[in-house]
Amino acid sequence: MTINKRISRIIKENLLRYIGVLLLIVLGSFTFIIASGISQNLDALVTTFTEGHKQEDLSFRTDKAIWEIEELEKAANGIIEESYSYDAAITDSLTLRLLSKTEKVNIPAVVDGRMLSGMGEIMLDPAFAKANGYTIGSQIKTFEKTYTVVGFVSLPHYIYPLKNVYDTVVSPNNFGVGLISQEEFASIQNAATIYAIRFDDRTTSLNKQAAKFRALLHEKGIVDSEWIDIMNNKRARTVWASITGMKTMSIPIPVAMFLLCCLIIGIMIWRMIRHESVIIGTLYAQGYRRKELIRHYITIPLLLSIIGGVIGSLLALPSIAPAVLSMISYYNVPVINIETNIVNILIGILTPLLFLGLSSYLVIRSELKRNPADLMKGDRQKTKVNTLERSLKLERFRFSTKFKLREQLRSVSRLTFLFLGVTSASVLMLLGFTIMNSMNYVFSNSTNDTYRFEYEYAYKELQYGKAPDGAEIFSAGRFYSENNEGIEFYISGVESNSTILTLKRSVGNPLPNNQTNITKPLADRLGIRAGDTVSLINKQDGKAYTFHIDAVADSYAGQFIFMPIAEFNQQLKLPQNSYMGLWSTKKLDIPEEQLLGMKSLSETASAMDEFMGPMVSMVVAMTLIACVVGLIIIYLVTSLIIEENKSTISLFKIFGYRRREIKSLVLNSSTFVIIAAFIVSIPIMTASMDAMYGYLGNMINLVLPTIISPLYVAICFAAIMLTYQLSKLLCTRKVNAVSMTEALKLGAE
Amino acid sequence: MFIEVSNLKKSYTTGEIRTEVLKGVSMRLNKGEIGVILGPSGSGKSTLMNIIGGIDHGDSGKVIVEGVEITNLNADKLTDYRRGDIGFVFQFYNLVPNLTVGENIEVVSNISKSPLNIDEVLVAVGISDKKHRFPRELSGGEQQRVAIARAIVKNPKLLLCDEPTGALDYQTSRSILQLLEQVNKKYGTSILMITHNTAIAAMANRVFRLRSGEIVEDSINQMIIPAERIEW
């Protein structure tokens, strides 16, 4: 149709505006394809690795060696393998955990180089090797022995190589794992023997199978310790937080983008049809059919969605592999193959087409329903005053305020687009900052406020008596709720007059340690309040114990119930003066063979600092994306306002308004909407974060509070306002370009 | 002399075609007088008025309004000139549709140094009961009254009216002309009016007839007829 020759001209006339819409579509498709690509590839890589290399279901230590492994395997319906572990100090601050090579469970995968073939060889975790400068062929010296690095290895139970399972972030500068042959351990004193089991039945509850297996061990007179099931093993579970996070992100962000596009395209098409109603009426009168006109007007949204979808997909496709590799670099998983899912590409292209096509079709159809005579009367809509405007009583306001308010309320759809757009951009920006703030709060402030120790020592055997100077005793047991097996936590017995543990109420005053206190994240997850009596199951013996909770502590330094150690021992029927570990303000001289593990808070802090580096980059990236989205949206709305107000601007010029006065009236009319949208984004962001953190809590047993920092809110607000100023600057030329003759040409009221 | 136009020329070039719109127009109007410019479409009436109103420039010649040569003013000074001295009334009213009557008048009073009281102006133009209505809710005549109220609220020295009755019926047109006459008398505002309607010339002190960019007649009306008695 000849009429379609206009399409390119229409686009050229408002090129920047259409580029803005196109960018939103590109961003939507790009985000969807890349986020779903990352999550699906990570999911496939991790699942293939953990299943193919027989990731353990649980690991434990025993008081004596298990000889009847085959018999136990049959009884438990699983595979069991014994392995060894030894923490070798490379330097004062660098520990290498030597693990023996296994054949049945946690089978190592070669990432680079080759598998061990004899004595004196070692395979390293690649992140540790990179951080400390070890390459294939180089030598690594531990205690008395020197090993040659023959390759890099991935281990299914050390995907996220944390030193302790209760740590949160890895620190390859301080800790890593190395694989050596089992025979090497013959010469290593005090190596720990660890058993790992993987059940054959992959459908029955892990807890039930674990309980049955534990009972089997007890029947054989074997006492277990360090019982860690895979669901509570952060070394294996943390990667799932990334996968879930990506999966979660792959839907709402693109949907928000597409919806915003629908809204703005709908407004633009509706305005175009209204503006061209005389032409449309004339075309009708000349015999054009409605479907021909629908086809004509729908071409622009369809073109934009196809071009946007294709560009978004084309940009996303080559980015998937580097993005997966970048994400996987935080974890130790062999990358066998990175696939591109054709269905995702189709969704990335077809979704905007569907969203925009449908919404535009509905708008166009409703407008073209008017009869030709009505259409030829011209754009009567522009003189119409909506109910909202009519109902406003603005007499008491200054003229400029009245003008700005009316300008915004004149088009509810435009106002909705601006409001939702700025809210989305603000939420995106605040999300990044709040995640960073929450992490920082939990790992720095909250931990430092709660614990005053520098070292935590966990003994293999129960200890008796008093703690050395500068240290305090504690004991701990792992429990879960009767109703919710997924939530596991420690109940710790601490000294009644402890000065190392400082718990506070939400109002800030300290809680005494001679009572039973529960930390807030755990209380929230379990639905426990102060004064409740709860029955909890000890993972060690599977028995239920009853605890009376005295207070809820406003501490996010983990999910714990703290109680006086005397009561703890009494409840768990442990000897009265016994304890399992020490908290100390200084390094203690404890023989390594007595220790299960040692944790240093400063190491945790430095690991956190390492973790926060990429986090800051992520926040900066999110802020920039949010600014771009905000800029596009504000620019689109402002340019629409200018176009709708051409005659008014022209009149203002005739009446002698100065440029800055016109700019102030027209361009600043969105200020209060932008401020309101930003304010509304704060509770929306809080609700989103609470939901996301709740999900994260279930996935990896990590609870983060939503802490909104006034400083970060101020930074986000400044960024949004800066974006607003930039869009105004871009629109200034448009205002200046409106000629005074515009008003003189008016042929309607 | 309040308005003095001498040898004003203006042409437009579209592609290779050059159209001379004003070919050396000269005219004068005294303070407090009503002047009417008559002429067919394309005679250059609106261009002449736009240049006098400071929203367009001539190519050569002089336009002096109350001693100020506006042809020499830069854009900022012209803005000041329009802001302080000129009131505009258009054929199609040019009201801002989503502002109430009161707010439409406020558009101008807001930037005036010493504006008249809006309510008094509304009484003067006879629409005091319509202050909170929107333009769409008014008849054409009422809308033109609002436009006049908006133009006079700044108490301008010169009121420029471009076909103020062009879109109105006979009765309404007469009432609008009466209103302009009242404004002229009450506030001493000089009025320059463009019209096709030769009958309106009867109420003017001075009549200019324009044809193809030239003044073909410049006459002083010795027999002024009040607007209420004009008929066509």
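Fair warning: this is a prediction, and the values are worked out from it, not measured in the lab. Sequence positions are assigned chain by chain, starting from 1 and proceeding in written order. All chains are assigned letters beginning at A, and all ligands numbers beginning at 1, according to the order in which they are written. Totals for whole chains, interfaces and linings use all residues, but because this is a predicted model, local features are given only for residues with pLDDT of at least 70 and pairs of side-chain atoms are given and counted only at 80 or more. Values shown for side chains rest on all heavy atoms present in the structure; no hydrogens or waters enter the calculation.

S.K.: Account for the overall build of chain B, with residues named and values stated.
M.R.: Secondary structure follows DSSP: runs of H or I at least 4 residues long count as helices, runs of E at least 2 residues long count as strands, and numbering of each begins at the N terminus. Each helix and strand counted, chain B has six helices and ten strands in total. Over its C-alpha atoms, taken along the principal directions, chain B stretches across nearly 50 × 40 × 35 Å. Relative accessible area decides the class of each residue, using a 1.4 Å probe on protein chains only: under 20% of the type maximum gives buried, over 50% gives exposed, and in between gives partly exposed. Within chain B, the fraction of its 232 residues that count as buried is 56%. Across chain B, contacts joining residues at least 24 apart in sequence account for 71% of those joining residues at least 6 apart. In short, Shrake-Rupley with a 1.4 Å probe defines the accessible areas, and a residue's cover is counted only from the protein chains shown. Total accessible area on chain B is roughly 9600 Å²; 45% of this is exposed by carbon and sulfur atoms. Taken as two groups, the 27 positive and 27 negative side-chain charges of chain B have centres that lie 1 Å from each other. Working rule for contacts: check all heavy atoms of both residues, and any pair within 4.5 Å makes them a contact. Here Asp and Glu are counted as negative and Lys and Arg as positive; His is not counted, and neither are the chain ends. A single reference atom marks each charge: NZ on Lys, CZ on Arg, CG on Asp, CD on Glu.

S.K.: Could you give me a rundown of the environment of A:Ile662, with the residues and numbers involved?
M.R.: Residue and element names in this part refer to chain A. By the secondary structure assignment, Ile662 is in helix H19 (residues 659-667). Sequence separation between Ile662 and Tyr451 is 211 residues; the distance between their C-alpha atoms is 60 Å. The contact partners of Ile662, leaving out residues within four places of it in the chain, are Ile649, Phe652, Lys653, Tyr657, Leu667 and Val735.

S.K.: Could you give an account of the packing of helix H18 (residues 646-655) of chain A against H19(A), naming the residues involved and the relevant values?
M.R.: All names here are of chain A. Helix axes are fitted only over the stretch in contact, all axes being lines through C-alpha atoms; the angle between N-to-C directions runs from 0 to 180 degrees. H19 packs onto H18 with a crossing angle of 155 degrees between their chain directions and a minimal axis gap of 10 Å. When the axes of H18 and H19 are compared, the pair comes out roughly antiparallel. Crossing handedness for the pair H18 and H19: right-handed. Facing H18, whose interface residues are Ile649, Phe652 and Lys653, H19 presents Ile662, Leu665 and Val666. Residues belonging to the contact of H18 with H19 are distributed by class as follows: five nonpolar, no polar and one charged. Each angle is binned into one of four classes, with values under 35 degrees roughly parallel, values over 145 roughly antiparallel, values of 65 to 115 roughly perpendicular, and all other values oblique. By convention the crossing between two helices is left-handed if the near helix lies anticlockwise of the far one by an angle smaller than a right angle, and right-handed if it lies clockwise. Residue polarity is assigned by list, with Asp, Glu, Lys and Arg as charged and Ala, Val, Leu, Ile, Met, Phe, Trp, Tyr, Cys and Pro as nonpolar; anything else, Gly included, falls into the polar class.

S.K.: Just give me the short version of the pattern of salt bridges, but keep the residues and values in it.
M.R.: Pairs can form between side chains of opposite charge whenever their charged atoms are close. Salt bridges are counted wherever a side-chain nitrogen of Lys or Arg sits within 4 Å of a carboxyl oxygen of Asp or Glu. In this structure the tally under the stated criterion is 32 salt bridges over all chains. One salt bridge in this structure joins A:Asp63 and A:Lys64, with 3.8 Å as the shortest N-O distance. We classify A:Lys64 as partly exposed; its relative accessible area is 41%. Put simply, B:Lys130 and B:Asp129 hold a salt bridge, and the shortest N to O gap is 3.1 Å.

S.K.: How would you sum up the domain arrangement of chain A? Please name residues and give values.
M.R.: Segmentation of the chain into domains, including their bounds, is taken from an automatic or database domain assignment. Taken domain by domain, chain A holds domain 1 (1-53 + 258-325 + 335-384), domain 2 (64-222), domain 3 (389-449 + 602-749) and domain 4 (455-586). For domain 3 of chain A and domain 4 of chain A, the distance between their C-alpha centroids amounts to 46 Å.

S.K.: Go over the sheet that holds strand S9 (residues 206-211) of chain B, please, and point to the residues and values.
M.R.: All names here are of chain B. Across the sheet, six strands lie side by side as S6-S7-S8-S3-S9-S10; this open sheet has mixed pairing. Looking along the sheet, the strands with just one partner apiece sit at the ends: strand S6 (86-89) and strand S10 (214-220). In this sheet, neighbouring strand axes are inclined to one another by 15 degrees on average, regardless of whether the strands run parallel or antiparallel. The pairing criterion is simple: DSSP has to find at least two bridges between the two strands. Sheet topology places strand S7 (residues 158-162) next to strand S8 (residues 190-195); five bridges connect them, and they run parallel. In the strand pairing of S8, Cys161 is matched with Met193. Contacts between helix H2 (residues 75-85) and the sheet are confined to S6 and S7, with S6 contributing the most and set at about 75 degrees to the helix. Along the sheet face, helix H5 (residues 140-152) touches S6 and S7 and points at about 170 degrees away from the line of S6.

S.K.: Account for a nonpolar patch on the surface, naming residues and giving values.
M.R.: Residues and elements named next belong to chain A. Put simply, a patch holds well-exposed residues, over 30% relative accessible area, that have no salt bridge, with like charges counted together within 9 Å and Val, Leu, Ile, Met, Phe, Trp or Tyr side chains within 5 Å. A contiguous nonpolar surface patch, about 450 Å² in accessible area, is contributed by Ile342, Val343, Leu346, Ile347 and Leu350. Take Val343: it is sitting in helix H10 (residues 342-368). The exposure class assigned to Val343 is partly exposed, which follows from its relative accessible area of 47%.

S.K.: Would you mind going over the interface of chain A and chain B in detail, with residue names and values included?
M.R.: Counting residues at the interface gives 32 residues for chain A, matched by 30 residues for chain B. For the chain A and chain B pair, buried surface summed over both sides reaches about 3000 Å², with 57% attributable to carbon and sulfur atoms. Between the two partners, chain A and chain B, sit four salt bridges. Between A:Arg658 and B:Asp80 there is a salt bridge, and its shortest N-O distance comes to 2.4 Å. Contacts described as polar in this section are N or O atom pairs within 3.5 Å, which, within protein, must combine one atom able to donate a hydrogen with one able to accept it, while residues neighboring in sequence count only if both atoms come from side chains. Summed over the shared surface of chain A and chain B, the number is nine residue pairs in polar contact (both at pLDDT 80 or more). Put simply, the parts of the chain that give the side of chain A that touches chain B at least two residues each are helix H12 (387-391), helix H13 (399-409), H18 and helix H22 (741-744) of chain A. Among the elements that line the side of chain A that touches chain B, the one with the most residues is H18(A), at six residues. Buried surface area refers to the total accessible area, computed with a probe of radius 1.4 Å, that the two partners give up upon joining, counted for both partners together.

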